Amino acid sequence: MGGKCPHRRVKKRRYSHKTFRRDKFLKPESEKVALPFDEDLPGMGQYYCLHCDRYFANVTVRDDHFKTKKHKKRLKIMAGPAPHTQLDADLAAGMGMPDNGPKLMST
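Draft legend 1. Local environment of the overall build of the chain. Regarding its fold elements, the chain presents 4 helices and 2 strands. Going residue by residue from the N terminus, the α and β elements of the chain occur as α-β-β-α-α-α. Every one of the 107 residues in the chain was classed for burial, and the buried ones make up 10%. Working note: accessible area of the chain is about 10700 Å², and carbon and sulfur atoms make up 57% of it.

In C-alpha cells form, the structure reads like this:
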C-alpha cells in the first residue's frame, strides 16, 4: 500500500498576473539601441546589457538576464547616489571654501 497520495499535489509556482502584464508592456532600454555588428562578440554584438556590461548570444538569454537578481542589484546600485566629486573631497579634507563668519558692520 505504498505510493503517492492522490489528493496531495505539488503546487506550481506561477507569475502573478501583475508581473506577467508588467513584463509584457515594459521593454528594457537596451532593446531600443542599435549596435554595430561585431563577429568577435557573442550574438554578433547585438544583445548587450548596458548596466552589467555583458553581451549575450540571443534575445531570450538577454531577457532572462534582465530578470536575475544580479542585474536588479546592479540597477539599484547604478540608480543610487552620485559618486563623490572633487569639491566633496576638498571639503572633507578642510580645503574647501573658507568660512569667515558673519560680516560685521564697519564704522
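Draft legend 2. Quick peek at helix H3 (residues 69-78). Among the 10 residues that make up H3, 1 are buried, leaving the element largely open to the surroundings. Between a side-chain oxygen at the N-terminus of H3 and the backbone nitrogen of His71 the separation is 3.4 Å; the capping residue is Thr68.

Draft legend 3. Representation of a nonpolar patch on the surface. Judged by side-chain polarity, Leu87, Leu91 and Met97 come together as a nonpolar surface patch covering roughly 330 Å² of accessible area. Structurally, Leu91 can be placed in helix H4 (residues 86-92). For Leu91, a relative accessible area of 45% puts it in the partly exposed group.

Draft legend 4. Geometry of the pattern of salt bridges. Counting across every chain of the model gives 1 salt bridge. Between Asp63 and Arg62 there is a salt bridge whose closest N-O contact spans 3.7 Å. In this structure Arg62 comes out as buried when scored by relative accessible area, which is 3%.

Draft legend 5. Representation of unusual backbone geometry. Phi at Met44 takes a positive value of approximately 60°, unusual for a residue other than glycine. Assignment of secondary structure puts Met44 in the loop between helix H1 (17-25) and strand S1 (47-49). Look at Asp53: it is not a glycine, yet its phi comes out positive at around 60°. Here Asp53 is to be found in the loop between S1 and strand S2 (54-56). Taking the relative accessible area as the measure of exposure, Asp53 reaches 56% and is therefore exposed.

Draft legend 6. Structural view of the side chain of His65. Relative to the helices and strands, His65 resides in helix H2 (residues 59-66). Residue classification places His65 among the buried positions, given a relative accessible area of 7%. Beyond its immediate chain neighbours, meaning those up to four positions away, His65 contacts Cys49, Cys52, Arg54, Phe56 and His71.

Draft legend 7. H2, seen in detail. Within the sequence span of H2, burial applies to Arg62, His65 and Phe66. For H2, the angular spread of buried residues about the axis comes to 105°, placing them on one side. Residues of H2 that are buried sit in contact with S1, S2 and H3.

Definitions and limits used
Residues numbered from 1 in each chain as written. Predicted model: local features only at pLDDT ≥ 70, side-chain atom pairs only at ≥ 80, totals over all residues. Heavy atoms only, no water. Helix = DSSP H or I, 4+ residues; strand = E, 2+ residues; numbered from the N terminus. Buried < 20%, exposed > 50% of the residue type's maximum accessible area, 1.4 Å probe, protein only. Areas by Shrake-Rupley, 256 points an atom, 1.4 Å probe, with all protein chains shown as cover. Polar contact = N/O pair within 3.5 Å; in protein donor to acceptor, adjacent residues only side chain to side chain. Patch = residues over 30% accessible without salt bridge, like charges linked within 9 Å, V, L, I, M, F, W, Y side chains within 5 Å. Salt bridge = Lys/Arg side-chain N within 4 Å of Asp/Glu carboxyl O. Contact = heavy atoms within 4.5 Å. Arc of directions from axis to C-beta.

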